[in-house]
Amino acid sequence: MPSVHIIVDGHPYTVGANQSMLQACLSLGFDLPYFCWHPAMGSVGACRQCAVKQLKDEHDEHGRLVMSCMTPVSEGLRISIEHPEAVAFRSSVIEGMMVHHPHDCPVCDEGGHCQLQDMTVMTGHSYRRYRFQKRTFRNQYLGPFVHHEMNRCIQCYRCVRFYREYAGGRDFDALGISDRVFFGREQDGVLASEFAGNLVEVCPTGVFTDATLKHHYTRKWDLRWTPSVCAHCSLGCNISPGERYNSVRTTFNRYNSEINGYFLCDRGRYAYEYLASDQRIRQAVVRGVPTTAEAGLNHLRDLVAAQAARWGEADQREAAGRSPDKSGASRPGRMIGIGSPRASLESNFALRELVGRDRFFAGMRDNELALINRILDLMRSGLAHVPSLRDIENCDAALVLGEDLTNSAARMALSLRQAMRKKPLREICDPLKIPHWLDHAAREAIQDAHGPLFQLTPAATKLDDISTACHHAAPDDLARLALDFNGPIFAALLAADRPLIIAGTSCGSPALIEAAAAVAAELVKRGRKPELSFVVPEANSLGLALLNPRPLGEGLDLARFDDIETVIVLETDLERRAPAAAVEAFLTRFRVPPLDEVGNPRRHLVVLDQVTHSTAQAAELVLPAASWAEGDGTFISNEGRAQRFFQVLSPNPEIRESWRWLEQAQDHDVELDGLLASLAASEPALAKVRDAAPAASFRLAEQKMPRETHRFSGRTAKDADISVSEPKPPVDEDTALSFTMEGYNAQPPAALTAFFWRPGWNSPQSQLGYQSEVNQSIRGGDAGVRLFDGAPCVARSAKQGPISSPLPQTPGSFLTLRSHHLFGSDELSRLGKAIAELSPAAYVGVSAEAATAAGWRDGQPMRIELDSRAYQVPLRIVPGLAASLATVPAGFTAFDGAALPAWTKIEPAEAAR
């Protein structure tokens, strides 16, 4: 980036060109107050709080007042932040803003975490002279996520700028005029945007606060924080969960310039409530009877020891030339393990090491595993660069194949929405010399113009409003359309500087994956360097696939042999992962196993999980697995980025990480770094995972990194009802983090940054002080490490097999797919109270055209048969759905295990009788 030289209060500095004076000053570390400006949304000059004096030369003592957010940096620019007139002007501005603001800081949810408090202190405004009646508003109900207190508004316009202009929402606006502007909906109701929760952090005051936090409110300075990773989709957004009294109270965005930046989707922000669900497994259970952790561990230890003995016997028989089982096939060992795409990489590896590579199976649908394995092949091949979300924002043309991104990868949809502004900004604003950061002027110039975005999806999506063209059809038909290299879609991608192709596993279609690869290969062949991004289902889907598990169907079949005595199921509900008949046959075999000579079961089912389900209910032994908030581990995101999450709740000996249970069962010296070392030795391709975060021995100034801010208070008072003496804080042996405020009192590495705070900045805007420059990476580099850094864009042909319908269609049937919902499709988040309120009930969806032709009505009871099982659910009319398609929602046990897509007969329930 080109640079310029400026002078601030008589001192010279070098800063990057093409930015505002405010951004440059904040990057230099100056405390310059502001409200309406936001690092992701640019400048509009609405609040006038960032005024500075611009001077002609070193002799100019008067100059003129300018708004630093509206003033571009230029060579030799001279300003003064501390000029008395600028200081007085800023003080008068904030006094005017505070005229109608209520005196409710002691009871405001934003107290101690509020940018308005930061700015009033920074400007010296501490005494109010206004003594008249204040303006008042009626608050609105905005849904289960966001609480509204309109009387605190200072009219900075950040909320409506984010909601409407940045995130594309349409049910929220600025209503009114002058000092009576009301920010809200036309009437009470749930905010429709999937990013509404960001209003909590975008708002510089307490107008929009976390409605879920109000149920168990705690001041932000009294929360224990930790660096963590969202566990509810594959994008790997960084989060900071806050704990008090050993429960997670809220989740905040943790800045990562390559991934989520400043914003989270509402699933990632509010899913934490599932941690308090009644379905959580909180203690070990042996044969239906709750017991202690040590008793459960000893039971697992006995099973493992017994299997180890059987393993040795099998090896001896094999060496003697005798087959270990009556089938004639050599199968050393009598234990198998089923991994999980929502369990950490360490837990899956520990299970694989326990049972052996050949006895380790994937806890996901077989066709899903095949798709992910193919995606991994493409990512490792160097066919095209795999982009981060920041890379996606810089693309200028895009093709989306099969994915409803707003529901399957919401944060990616938000990045794609920003990407579609790149081409009109370049083509319209650059000739007019309008800086891209001058947000209002840029938006006025480009109006509704957007870059070429082509969506080839089964049904309409929320990105249709910025799409150049939308095509809705069956997956194979969409793949055929994408492969037209003489059509307008490919022509637009070819003409772009940074073309982007997005595909994924949502439709269950190999054709869409292959089509995405073929388009990328053709672009490379013609001299372009495309970005190729894939959406996979869960937080560690790629991590599980990288351990090379066998298909789940093979595991369920293998368990039918008499010599398979023990099955360990890791954090997965088998009914969601395989056809109902196969799972029922498997569970029946282990639910009522035959007994040996002394009355003990011959077959054993062990489940380690966070939540209970039918598989856990059939198990002989159930062990409570730690969630991302209760343990440490690693997830690998959809772009192949390994990231570490850390425990925030105090250690509970009854709940342990799955990898810890499995290692302790083998009497191994349990330690996270040691397990990662074993992983690196066993899987050299995963050796870089160890670099995702510093080791447990890492220290700065011989100190650990604190989980609590230095403002933390009341540690003794928390336990005053038990003892007035202060209890010993927990000790973390596995990480470089402490459970207290004691530790290194400066900026830690990004992977160990539990919270953002700097002097004078208690609000979320304090994160700017951690960045190398505003909107750039955290100093020292962002958290996480990419596993696939091979040279991209190597010209090669992509495999493309024949495309055909998966099954022959029968009259009156529909090709049935899964539809994904941001709220409800994730297995864990739907257990939280607020998200459950917005999750859909089970349904079968068809197009308006198909419903009209058949004489069906919305809400009518329908009968649908999947995997030879019939279900009765209401009908839903799905906008834009192709007439030959039907959908069932992902996230329901009855539907998730079915082999889809498949041709399915759908009829009214009364006709079936």
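Structure shown above.
Residues numbered from 1 in each chain as written. Predicted model: local features only at pLDDT ≥ 70, side-chain atom pairs only at ≥ 80, totals over all residues. Heavy atoms only, no water.

1. Overview of the overall build of the chain
This is how the line gets drawn: The numbering of helices and of strands both runs from the N terminus, where a helix is a DSSP run of H or I of at least 4 residues and a strand a run of E of at least 2. Here the globule rule is a power law, 2.2 Å times the number of residues to the power 0.38, and the radius of gyration is based on C-alpha atoms. Burial classes: relative accessible area under 20% of the type maximum marks a residue as buried, over 50% as exposed, and values in between as partly exposed (1.4 Å probe, protein chains only). Contact definition: two residues touch when any of their heavy atoms are within 4.5 Å.
Check the secondary structure of the chain and you find 27 helices and 36 strands. Taking 2.2 N^0.38 as the reference for a compact globule, 913 residues should give roughly 29 Å; the C-alpha atoms of the chain span a radius of gyration of 29 Å, in line with that estimate. With the C-alpha coordinates of the chain rotated into their principal frame, the extents come out at 100 × 75 × 55 Å. Scored against the burial criterion, the 913 residues of the chain give a buried share of 61%. The long-range share in the chain, meaning contacts at least 24 apart out of those at least 6 apart in sequence, stands at 73%.

2. Here we look at the sheet that holds strand 30 (residues 785-786)
The criterion, for reference: DSSP calls a pair of strands paired once it identifies at least 2 bridges connecting them.
Spatially, the 3 strands line up as an open sheet ordered 26-27-30, and their pairing is antiparallel. Bordering the open sheet on either side are strand 26 (633-636) and strand 30, each of which pairs with just one other strand. The pairing of strand 27 (residues 641-645) with strand 30 spans 2 bridges and is antiparallel. Its bridge partner being in strand 30, Arg641 is matched across the sheet by Arg786.

3. Observations regarding the pattern of salt bridges
Note the following rule: The term salt bridge refers to a side-chain nitrogen of Lys or Arg lying within 4 Å of a carboxyl oxygen of Asp or Glu.
Counted under the stated rule, the structure contains 51 salt bridges. Between Asp497 and Arg426 there is a salt bridge; the shortest N-O distance is 3.9 Å. With Asp497 in the loop between helix 16 (488-495) and strand 21 (499-504) and Arg426 in helix 13 (residues 422-432), this pair connects stretches of sequence that are 71 residues apart. One salt bridge in this structure joins Arg707 and Asp732, with 2.8 Å as the shortest N-O distance. Note that Arg707 is positioned in the loop between strand 28 (705-706) and strand 29 (737-738) and Asp732 in the loop between strand 28 and strand 29, a separation of 25 residues in sequence.

4. Observations regarding the nonpolar core
Operational definition: We call a set of buried residues a nonpolar core when its members are Ala, Val, Leu, Ile, Met, Phe, Trp, Tyr or Cys and they connect through side-chain atoms within 4.5 Å of each other.
In this structure, Met21, Phe35, Phe162, Phe172 and Phe208 are the most contacted members of the largest nonpolar core, which totals 89 residues. Setting aside anything within four residues of it in sequence, one finds Phe35 in contact with Cys47, Gln49, Ile94, Met97, Gln115, Leu116, Met119, Ile154, Cys156, Arg158 and Pro204.

5. Description of the environment of Gly880
By the secondary structure assignment, Gly880 is in the loop between strand 34 (869-877) and strand 35 (885-889). For Gly880, a relative accessible area of 37% puts it in the partly exposed group. Once the C-alpha coordinates of Gly880 and Thr461 are considered, the two residues, 419 residues apart in sequence, prove to be 8.4 Å apart. The residues touching Gly880, leaving out its near neighbours within four places in the chain, are Pro458, Ala459, Ala460 and His472.

6. A look at helix 12 (residues 410-419)
Counting buried residues along helix 12, 10 of its 10 residues qualify, which places the element largely inside the surrounding structure. Taken as a whole, helix 12 has its buried residues at Ala410, Arg411, Met412, Ala413, Leu414, Ser415, Leu416, Arg417, Gln418 and Ala419.

7. Overview of the layout of surface pockets
As a reminder of what qualifies: Using a grid of 1 Å spacing that covers the protein atoms alone, one calls a set of points a cavity when a 1.4 Å probe fits there but cannot get out, and a pocket when the set is open and has protein on both sides within 12 Å along at least five of seven lines; lining residues are those with an atom within 4 Å of a point. Grid points are joined across faces, edges and corners, and a volume is the space filled by probe spheres set on the points. For this classification, the nonpolar set comprises Ala, Val, Leu, Ile, Met, Phe, Trp, Tyr, Cys and Pro, the charged set comprises Asp, Glu, Lys and Arg, and every other residue, Gly included, is treated as polar.
Of the voids in this model, the largest pocket is the one considered here, and its volume is about 1200 Å³. Contributing to the lining of the largest pocket are 42 residues, with Pro39, Lys422, His436, Trp437 and Asn775 lying nearest its centre. If you list the elements that add at least two residues to the lining of the largest pocket, you get helix 10 (389-393), helix 12, helix 13 and helix 14 (439-446). Residues of the lining of the largest pocket, tallied by class, amount to 20 nonpolar, 12 polar and 10 charged. Estimated volume of the second largest pocket: approximately 890 Å³. Surrounding the second largest pocket, 41 residues form its lining, Asp404, Asn407, His820, His821 and Arg876 being those nearest its centre.

8. Observations concerning empty space enclosed by the protein
This model, assessed by the stated rule, comprises 11 cavities of 30 Å³ or more. If you add up the space inside the largest cavity, you get close to 490 Å³. Arg365, Glu368, Pro537, His820 and Ala890 are the residues nearest the centre of the largest cavity, which is lined by 30 residues in total. Looking at the lining of the largest cavity element by element, the count peaks at 3 residues for helix 9 (residues 366-381). Looking at the second largest cavity, its volume works out to about 190 Å³. His113, Trp225, Phe252, Phe755 and Phe756 are the residues nearest the centre of the second largest cavity, which is lined by 19 residues in total. Along the lines of polarity and charge, the residues of the lining of the second largest cavity split into 8 nonpolar, 8 polar and 3 charged.

9. Observations regarding the sheet that holds strand 33 (residues 861-866)
Counted only if it meets this: Simply put, an axis is a line fit to the C-alpha atoms, just over the touching stretch for a helix, and the angle between two N-to-C directions goes from 0 to 180 degrees.
The sheet built from 6 strands closes into a barrel, its strands ordered 31-35-32-34-33-36 with mixed pairing. With direction set aside, neighbouring strand axes in the sheet form an average angle of 45°. Judged from the 2 bridges that link them, strand 32 (residues 844-846) and strand 35 form a sheet pairing that is antiparallel. Within strand 35, the position partnered with Val846 by the bridge is Ala886.

10. Some details on helix 9
Short version of the rule: By this rule, a helix spans an expected 1.5 Å times one less than how many residues it contains.
Taking 1.5 Å of rise per residue, 16 residues should cover 22 Å, and helix 9 covers 23 Å from first to last C-alpha, within 8% of that figure. Every buried residue of helix 9 is listed here: Glu368, Leu369, Leu371, Ile372, Arg374, Ile375, Leu376, Leu378 and Met379.

11. Structural notes on the pairing of strand 21
Burial runs high along strand 21: 6 of the 6 residues are buried. Alternating positions in strand 21 separate into two faces, Pro499, Ile501 and Ala503 on one and Leu500, Ile502 and Gly504 on the other, with burial throughout. In this structure, strand 18 (residues 397-401) lies alongside strand 21, joined through 4 bridges in parallel fashion. In the strand pairing of strand 21, Val400 is matched with Ile502.

12. Here we look at the packing of helix 16 against helix 17 (residues 510-525)
How we decide: When an angle is under 35 degrees it counts as roughly parallel; over 145 it counts as roughly antiparallel; between 65 and 115 it counts as roughly perpendicular; any other value is oblique. If you view the pair so one helix is near and one far, a crossing is left-handed when the near helix is turned anticlockwise from the far one by less than a right angle, and right-handed when it is turned clockwise.
One can describe the packing of helix 16 onto helix 17 by two numbers: an axis separation of 11 Å at closest approach and a directional angle of 50°. Relative to helix 17, the element helix 16 is oriented oblique. The interaxial crossing formed by helix 16 with helix 17 has right-handed handedness. Touching Phe490, Leu493 and Leu494 of helix 16 are Val519, Glu522 and Leu523, all from helix 17. For the contact of helix 16 with helix 17, a count of residues per class yields 5 nonpolar, no polar and 1 charged.

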